[in-house]
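Structural description and commentary
So the chains spell out like this:
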Amino acid sequence: MLETTRTYRAKIVNHQQVSDDLDDCGHSASKLWNVARYYTQGRWNDDGEIPDDGELKSELKEHERYSDLHSQSSQRVLEELAESFTSWYKARQRGDENANPPGYRKHGDEHPRSTVTWKQKGIKHDSKHNQIRLSKGFNLKNHRSDFILTEYETRPDVTVENIQQVRAVWNGNRWELHLVCKVEIPVEDAPGDNTAGIDLGIKNYLAIAYDDGDAELYPGNVLKQDKHYFTRNEYGTEGENGASKRALRARQKLSRRKNHFLHALAKHIVEQCIDHEVGRIAIGDLSEIREEDGKARNWGKRGNKKLHGWEFDRFTRLLEYKAEEHGILVDRKSERDTSKTCSCCGRKRDANRVERGLYVCESCGTTMNADMNGAVNIRRKITQNPPTGDMSNGRLARPVAYLFNQTSGSFHPREQVSCKP
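Residues numbered from 1 in each chain as written. Predicted model: local features only at pLDDT ≥ 70, side-chain atom pairs only at ≥ 80, totals over all residues. Heavy atoms only, no water.

Per an unreviewed UniProt entry, the chain carries the name Transposase and comes from Haloferax larsenii.

1. Observations concerning the overall build of the chain
The helix and strand tally for the chain stands at 9 helices and 18 strands. Counting all 421 residues of the chain, 44% fall into the buried class. Of all intrachain contacts in the chain linking residues separated by at least 6 positions in sequence, the fraction that spans at least 24 positions is 66%. Surface exposure of the chain reaches about 22800 Å², of which carbon and sulfur atoms provide 43%. (Helix = DSSP H or I, 4+ residues; strand = E, 2+ residues; numbered from the N terminus. Buried < 20%, exposed > 50% of the residue type's maximum accessible area, 1.4 Å probe, protein only. Contact = heavy atoms within 4.5 Å. Areas by Shrake-Rupley, 256 points an atom, 1.4 Å probe, with all protein chains shown as cover.)

2. As for the sheet that holds strand 14 (residues 329-334)
On the basis of which strands lie adjacent, the open sheet formed by 7 strands has the order 14-11-8-9-10-17-18 and mixed pairing. The outermost strands of the open sheet, each flanked by one partner alone, are strand 14 and strand 18 (410-413). Each adjacent strand pair in this sheet contributes to an overall mean axis angle of 25°, direction not counted. The pairing of strand 8 (residues 194-200) with strand 11 (residues 278-285) spans 5 bridges and is parallel. By the bridge assignment for strand 11, Thr195 is matched with Arg280. On top of the sheet, helix 8 (residues 370-379) reaches strand 8, strand 9 (204-210), strand 10 (215-219) and strand 11; it is set at about 55° to strand 9, its chief contact. (Pairing = 2+ DSSP bridges. Axes fitted to C-alpha atoms, helices over the stretch in contact; angles between N-to-C directions.)

3. Examining the nonpolar core
One recurring pattern in soluble globular proteins is that nonpolar side chains are buried together. Residues Leu22, Trp118, Ile132, Val166, Leu177 and Leu179 are the most contacted members of the largest nonpolar core, which totals 42 residues. Sort the elements by how many residues they give to this core and helix 1 (residues 15-47) lands first, with 8 residues. With sequence-adjacent residues up to four places away left out, Leu177 is seen in contact with Tyr8, Arg9, Ala10, Ile12, Ile132, Thr150, Tyr152, Val166, Arg167 and Ala168. Residues Ala196, Ile208, Tyr210 and Ile328 belong to the second largest nonpolar core, which totals 33 residues. (Core = buried A, V, L, I, M, F, W, Y, C linked by side-chain atoms within 4.5 Å.)

4. Observations concerning the environment of Thr367
As for its placement among the helices and strands, Thr367 is situated in strand 16 (residues 367-369). Separated by 29 residues in the primary sequence, Thr367 and Leu396 have C-alpha atoms spaced 8.6 Å apart.

5. Considering the side chain of Asn14
Considering the arrangement of structural elements, one finds Asn14 in the loop between strand 1 (2-12) and helix 1. Residue Asn14 is classed as buried on the basis of its relative accessible area of 10%. Among residues more than four places away in sequence, those in contact with Asn14 are Leu149, Thr150 and Glu151.

6. Things to note about the packing of aromatic side chains
Applying the stated criterion across every chain yields a total of 11 aromatic pairs. Here the aromatic rings of Tyr218 and Phe411 are separated by 5.7 Å at their centres, their planes lie at 75°, and the arrangement is edge-to-face. Of the two residues, Tyr218 sits in strand 10 while Phe411 sits in strand 18, which places them 193 residues apart along the sequence. Within the aromatic cluster, the residues linked to one another by ring pairs are Tyr205, Tyr218, Phe261, Phe315, Tyr402, Phe404 and Phe411. Sitting above the plane of the Trp33 ring, Arg105 keeps its charged end 3.6 Å from the centroid. (Phe/Tyr/Trp six-rings, centres within 6.5 Å; stacked < 30°, edge-to-face > 60°. Lys NZ or Arg CZ within 6 Å of the ring centre and 35° of its normal.)

7. Some words on helix 4 (residues 221-230)
The set of residues buried in helix 4 consists of Val222, Leu223, Asp226 and Phe230. In a view along the axis of helix 4, the buried residues occupy a sector of 100°, so they form one face of it. If you follow the buried residues of helix 4, they end up packed against strand 9, helix 5 (245-275) and strand 17 (400-405). (Arc of directions from axis to C-beta.)

8. Some details on the environment of Ser19
Its place among the elements puts Ser19 in helix 1. Measuring from C-alpha to C-alpha, the distance between Ser19 and Trp175 comes to 7.2 Å, with 156 residues separating the pair along the chain.

9. Focus: the state of the cysteines
Applying the stated criterion across every chain yields a total of 0 disulfides. In this structure Cys344 is a free cysteine whose sulfur lies 4.7 Å from that of Cys342, the closest cysteine sulfur available. Since its relative accessible area comes to 34%, Cys344 is described here as partly exposed. (Disulfide = S-S within 2.5 Å.)

10. Thoughts on the pattern of salt bridges
Evaluation of the coordinates by the stated rule reveals 23 salt bridges. When the shortest N-O distance is used, the salt bridge between Arg6 and Glu325 registers 2.1 Å. Of the two residues, Arg6 is situated in strand 1 and Glu325 in the loop between helix 7 (312-324) and strand 14; the sequence distance between them amounts to 319 residues. Judged by relative accessible area, Arg6 falls into the buried class, the value being 13%. Between Glu79 and Arg76 there is a salt bridge, with the nearest N and O atoms lying 3.1 Å from each other. (Salt bridge = Lys/Arg side-chain N within 4 Å of Asp/Glu carboxyl O.)

11. A look at unusual backbone geometry
Positive phi outside glycine occurs at Glu277, with the angle close to 55°. The exposure class assigned to Glu277 is partly exposed, which follows from its relative accessible area of 46%. Positive phi values are uncommon outside glycine, yet Asp337 reaches one of about 70°. The residue Asp337 is located in the loop between strand 14 and strand 15 (358-360) in this model. For Asp337, a relative accessible area of 26% puts it in the partly exposed group.

12. A look at the packing of helix 5 against helix 7
Orientation of helix 5 relative to helix 7, taken along the N-to-C sense of each, is 45°, at an axis distance of 9 Å. The angle between helix 5 and helix 7 places the two elements in the oblique class. In this structure, the crossing between helix 5 and helix 7 has a hand that is right-handed. Side by side, helix 5 and helix 7 meet where Asn259, Leu262, His263, Leu265, Ala266, Lys267, Ile269 and Val270 of the first sit next to Arg314, Phe315, Leu318, Leu319, Tyr321, Lys322 and Ala323 of the second. (Parallel < 35°, antiparallel > 145°, perpendicular 65-115°, else oblique. Left-handed = near helix turned anticlockwise from the far one by under 90°.)

Right under this line is the structure:
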């Protein structure tokens, strides 16, 4: 059995009865965020330092706004602010001039409804009646009751148990619950002993090479198109009072579409690996791509911006837990020199990569797709067995391209997606 966590979205059945209490909590979370934001800005102005979440908790635990929420809920607000400031500071060190620090949560004279997180001490779950009791902070207990009794409804195939966290999320129209549960999943035997290598990128989101010489490319054009469409100027920009309602809705839709793409891609890759009897996947470890010799690496203005929005670690984590359910091990391996080295003869030269998508080895004459060359080299981090198929100018030079079909929500070969009925 594999022990992991799953997040389930749940509809609040008694929304009318609890919406006012959730509004109070959401507004209180925004107020606490703003208090902490003000404190952090002061520290930054005074000495150029950003306080971590430990300092924020120590300094603000006696503040009136801290007591509006359950203590663990307030702690999570401060943790999120510290994480946001840290991400901004790292982007600043990388030379990203477009990076902005987290702003205040305020629209005009009103505080927006921020997401509120309850951890285990603030939760009491009645699985028999599909009810969750969420504790209020001291200041809000004077209103109506000491807790919020929510009745929820999930998909019929979902069993809610072992809740670790509950997040109340305002989706623009109403509150919903995100239930983070610890679950045990039966682990299947590995489909086989073969291996596969995955090279992650920006233009081509993913390239995968299998033992038998098969090769597949997964372009990221859909993600780029969505980002361009949902971040156009007509959706509004950040102002003194934050993003407009239209801009917030556009961001939420963009986030949902990106989430669906990543989940669908991870699921599809696992299915392809099962078909190829793969028991182990080597994937490029990009955790240090933003640093070089312990210092922030500058990829240029456009490069830094693209890299900042590249959620490679999130996709890898999705692939890991989906693969583990089928007994497939995902092994993170360094990508160092994998794009420079010829996967046929092993010679390493910067000049071999003559174009963004083409790799030509002057030593052995191999011509292949550059991303596929990297994927083969990453696969060889876990096995030295050569592929059984054509290496030189065959499948690795002309890999099958899979495109994401927005209508079906799944991946299909380019020919199937492009053909007209």
